[in-house]
Amino acid sequence: VTVTEDVPHLNPADFAKYDAIVCNYTSYPNVTGQRWPAATEKAFLDYLAAGHCFVLFHAASTPWMDWPEFGDLIGLTWQKDAAGKNISGHGGQHSFLVSIADQEHPVTKGMRDFQHVKDELYHRQLLHQTGHVLATTFSDKAFGGSGANEPMAVVTELGKGRAFHCALGHDPKPMAGVGFRTLMLRGTEWAATGKVTLPIPADWPAPGTPQAEALKQVAPSPPAQRATPKQK
């Protein structure tokens, strides 16, 4: 495993050494004008189409909002209005229920709905035609949300390659949640191999369990005044 924080200077040779790429990179608030050279972008997409995988979470969906092929690859992106203002965003952090939308996909097969730890809930994102939704969450207006069901986990396929995108995981606390960890691990295994062998933990915070009830008691944060994906 190699970790790099110098994403803007990756080159085609860097991709070829690895079977999978897991991404937690954002350039927010500079979400346009940050694209790679054309040769690097092509090498990245060719690398994936040849049978490799790409996995990302939370604000890693924001750095290349002016790269259409990247948006199609990850299946779910932030969007702006004609004036350049973010349509997408989030309300105050709180614990919320994640509903499994596809119970037959290998990533979520056998997975029950779960109560997620206190986290940012992205809303009004653009679901691309390439994105297949595995899990959703209701974005409650009481917490500054959209009042609609929002995609939380999607998968896409590019040639022989696969991508898994999880919108959860703002910082280390929600990243420690059982639901997030399980989605990321199973999503990465599926993206890399096309199948899933990792089990769903026994302490799953399904609705009505003591684990879920405890998470629901955590005090929410006030609604955000503006949307600010966190650079990690």
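So, how was this worked out
- Residues numbered from 1 in each chain as written.
- Predicted model: local features only at pLDDT ≥ 70, side-chain atom pairs only at ≥ 80, totals over all residues.
- Heavy atoms only, no water.
- Helix = DSSP H or I, 4+ residues; strand = E, 2+ residues; numbered from the N terminus.
- Buried < 20%, exposed > 50% of the residue type's maximum accessible area, 1.4 Å probe, protein only.
- Polar contact = N/O pair within 3.5 Å; in protein donor to acceptor, adjacent residues only side chain to side chain.
- Core = buried A, V, L, I, M, F, W, Y, C linked by side-chain atoms within 4.5 Å.
- Disulfide = S-S within 2.5 Å.
- Salt bridge = Lys/Arg side-chain N within 4 Å of Asp/Glu carboxyl O.

1. Looking at the side chain of serine 95
And step 1. Within the element layout of this structure, serine 95 appears in strand E5 (residues 94-100).
And step 2. On the basis of relative accessible area, serine 95 is assigned to the buried category, the value being 12%.
And step 3. At 2.6 Å, the side chain of serine 95 forms a polar contact with the backbone oxygen of histidine 116.

2. A few points about the nonpolar core
And step 1. In this structure, Phe164, Cys166, Leu168, Leu183 and Met184 are the most contacted members of the largest nonpolar core, which totals 27 residues.
And step 2. If you list the elements that add at least two residues to this core, you get strand E2 (53-57), E5, strand E9 (132-138), strand E10 (149-158), strand E11 (161-166) and helix H5 (178-193).
And step 3. Counting residues in each nonpolar core, the second largest holds 21 residues, with Leu10, Ile21, Leu45 and Leu48 among its members.

3. Considering the state of the cysteines
And step 1. Using the criterion set out here, one finds zero disulfides in the structure.
And step 2. Cysteine 53 provides the cysteine sulfur closest to cysteine 23, a residue in no disulfide bond, and the two sulfurs are 12 Å apart.
And step 3. For cysteine 23, a relative accessible area of 9% translates into the label buried.

4. Comments concerning the pattern of salt bridges
Two side chains of opposite charge can pair, provided their charged atoms sit close to one another.
And step 1. For the coordinates displayed, the defined rule picks out four salt bridges.
And step 2. Of the charged contacts in the structure, one is a salt bridge between glutamate 41 and arginine 35, with a shortest N-O distance of 2.7 Å.
And step 3. The buried category is assigned to glutamate 41, whose relative accessible area is 7%.

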